[in-house]
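One letter stands for each residue in the lines below.
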Amino acid sequence: MARKFTLGNKTPQTGFKVSHSHRKTKRTWMPNIQQKAFFSMALGKHVRVTLSTSEMRTVDRRGGLDEYLLASKPEALSATMLKLRQQIAARAA
């Protein structure tokens, strides 16, 4: 799966793997990215989203995908999620 987000903004972290003799080699830690289908109450359909597991908990805590998108800043969303946010806002109004 591609390591690109549609929600959230975590990036791979870099650092060193340190051996017993303290030799250091560069390595990366990839974020835990999953695909999940959230149900949009305003649109009445499932929306497939690529996001990290910590972001899944944030969506649940905010009360669902619609509330999460409406509460988030527009510059923090991808182009597809921004378009979805506009559709949800139009249906809510």
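Residues numbered from 1 in each chain as written. Predicted model: local features only at pLDDT ≥ 70, side-chain atom pairs only at ≥ 80, totals over all residues. Heavy atoms only, no water.

**Student:** Any chance you could explain the overall build of the protein here in plain terms?
**Tutor:** Scanning the protein from terminus to terminus reveals 3 helices and 4 strands. Taken against the 2.2 N^0.38 rule, which gives 12 Å for 93 residues, the C-alpha radius of gyration of the protein at 17 Å runs more than 25% over that of a compact globule. Its C-alpha atoms give the protein principal-axis dimensions of roughly 65 × 25 × 20 Å. Expressed as a percentage of its 93 residues, the buried residues of the protein come to 29%. Considering only contacts in the protein between residues 6 or more positions apart, those separated by 24 or more positions represent 36%. (Helix = DSSP H or I, 4+ residues; strand = E, 2+ residues; numbered from the N terminus. Rg over C-alpha atoms; globule rule 2.2 N^0.38 Å. Buried < 20%, exposed > 50% of the residue type's maximum accessible area, 1.4 Å probe, protein only. Contact = heavy atoms within 4.5 Å.)

**Student:** Looking at this structure, I do not really get the nonpolar core. What am I missing?
**Tutor:** Nonpolar side chains in soluble globular proteins tend to be buried together. If you look at the biggest cluster of nonpolar residues, it comprises 15 residues, and the most contacted ones within it are L7, L69, M81 and L84. Secondary-structure elements contributing two or more residues to this core are β4 (45-52), α1 (53-62), α2 (65-71) and α3 (79-92). Setting aside residues no more than four positions away along its own chain, L7 makes contact with V49, T50, L51, E55, V59, L65, Y68, L69, L77 and M81. (Core = buried A, V, L, I, M, F, W, Y, C linked by side-chain atoms within 4.5 Å.)

**Student:** Help me understand the environment of A90 in this model?
**Tutor:** Position of A90 relative to the elements: it lies in helix α3. Assessed through its relative accessible area of 57%, A90 is described here as exposed. Sequence separation of A90 and A42 is 48 residues, and the distance between their C-alpha atoms is 9.3 Å.

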